[in-house]
Amino acid sequence: MNHQKIYESIIQKAKSENRVRLFKNQEGYVFYHNHHILPRCLCGGDEEKNMQLVTVKEHIALHKLLTYIYPGHRGNACAYHLMAFSKKYDKYMSFRDYAYAKKLISLTPVSKETKEKQSKSMQGK
């Protein structure tokens with residue numbers, strides 16, 4: 001399965017719809033999330049060309065796809081794990097999603113740099 005191609009097709013579909021943020025009381029309102037096309041953890045910035053409005057379901061799918069596209073990348077694993085275990089996404093996650101997120105975070109190594117930061121943080125407490 002070509003995860004990159006699926007990822008790009010979801011982004012292209014969202015772009016083609018020229019989505020805009022509306023207020024809840026406006027006609028045609030849909031709740032959108034801002035998604036970094038290239039995640040911050042992969043040096044993506046907050047510039048407009050790197051942002052896309054996506055639905056909640058698309059956002060979850062995109063972050064799951066990123067874990068397949070960049071296997072072993074801790075930042076993507078953490079982003080998906082946070083989504084999986086956040087109360088605001090409960091109704092969109094399946095048991096399989098929870099299990100995958102839990103397994104993913106346990107198998108994705110923590111970098112030496114992160115371990116050092118954690119160690120320094122613990123010493124300061």
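The structure displayed is predicted, hence computed values, not measured ones.

Draft legend 1. Fine view of the overall build of the protein. A tally of helices and strands in the protein yields 5 helices and 2 strands. Listed N to C, the secondary structure of the protein is α-β-β-α-α-α-α in terms of helices and strands. The dimensions of the protein, computed from C-alpha atoms along their principal axes, are 55 × 35 × 30 Å. A total of 125 residues make up the protein; the buried ones form 35% of that total. At a minimum sequence separation of 6, the contacts of the protein that also span at least 24 residues come to 53%.

Draft legend 2. Structural detail: the packing of aromatic side chains. Applying the stated rule across the entire model yields 3 aromatic pairs. An aromatic cluster is defined as three or more aromatic residues linked by ring pairs; in this entry it consists of Tyr68, Tyr80 and Tyr100.

Draft legend 3. Summary view of the pattern of salt bridges. Enumeration according to the criterion identifies 6 salt bridges in this entry. Between arginine 19 and glutamate 17 there is a salt bridge, and its shortest N-O distance comes to 2.9 Å. Judged by its relative accessible area of 39%, glutamate 17 falls in the partly exposed class. When the shortest N-O distance is used, the salt bridge between aspartate 97 and lysine 64 registers 2.9 Å. With aspartate 97 in helix α4 (residues 95–107) and lysine 64 in helix α2 (residues 56–69), the pair connects residues that are 33 residues apart, well separated along the chain. Grouping residues by exposure puts aspartate 97 and lysine 64 together as buried. One connected set of salt bridges, linked through shared partners, spans Lys13, Glu17, Arg19 and Glu58.

Draft legend 4. Representation of α4. Its 13 residues place the ends of α4 18 Å apart at the C-alpha level, agreeing with the 18 Å of an ideal helix rising 1.5 Å per residue. Those residues of α4 that sit buried are Asp97, Tyr100, Ala101, Leu104 and Ile105. All buried residues of α4 lie within an arc of 125 degrees about the axis, which places them on one face of the element. Those residues of α4 that are exposed and angled more than 90 degrees off the buried face are Phe95, Arg96, Lys102, Lys103, Ser106 and Leu107. On the buried face of α4, the contacting elements are α2 and α3 (74–84).

Draft legend 5. The side chain of glutamate 58, seen in detail. You can see glutamate 58 is positioned in helix α2. Ignoring any residue separated from it by four or fewer positions in sequence, one finds glutamate 58 in contact with Ile10, Lys13 and Arg19.

Draft legend 6. How the structure looks around the nonpolar core. Formed by Val56, Ile60, Ala77, Tyr80, Met83, Ala84, Tyr89, Met93, Tyr100, Ala101, Leu104 and Ile105, the largest nonpolar core amounts to 12 residues. Leave out the neighbours within four places in its chain, and methionine 83 touches His59, Ile60, His63, Tyr89 and Met93. With 10 residues, the next largest nonpolar core counts Tyr7, Ile11, Val54 and Leu66 among its residues.

About the cut-offs
- Residues numbered from 1 in each chain as written.
- Predicted model: local features only at pLDDT ≥ 70, side-chain atom pairs only at ≥ 80, totals over all residues.
- Heavy atoms only, no water.
- Helix = DSSP H or I, 4+ residues; strand = E, 2+ residues; numbered from the N terminus.
- Buried < 20%, exposed > 50% of the residue type's maximum accessible area, 1.4 Å probe, protein only.
- Contact = heavy atoms within 4.5 Å.
- Phe/Tyr/Trp six-rings, centres within 6.5 Å; stacked < 30°, edge-to-face > 60°.
- Salt bridge = Lys/Arg side-chain N within 4 Å of Asp/Glu carboxyl O.
- Expected span 1.5 Å × (residues − 1).
- Arc of directions from axis to C-beta.
- Core = buried A, V, L, I, M, F, W, Y, C linked by side-chain atoms within 4.5 Å.

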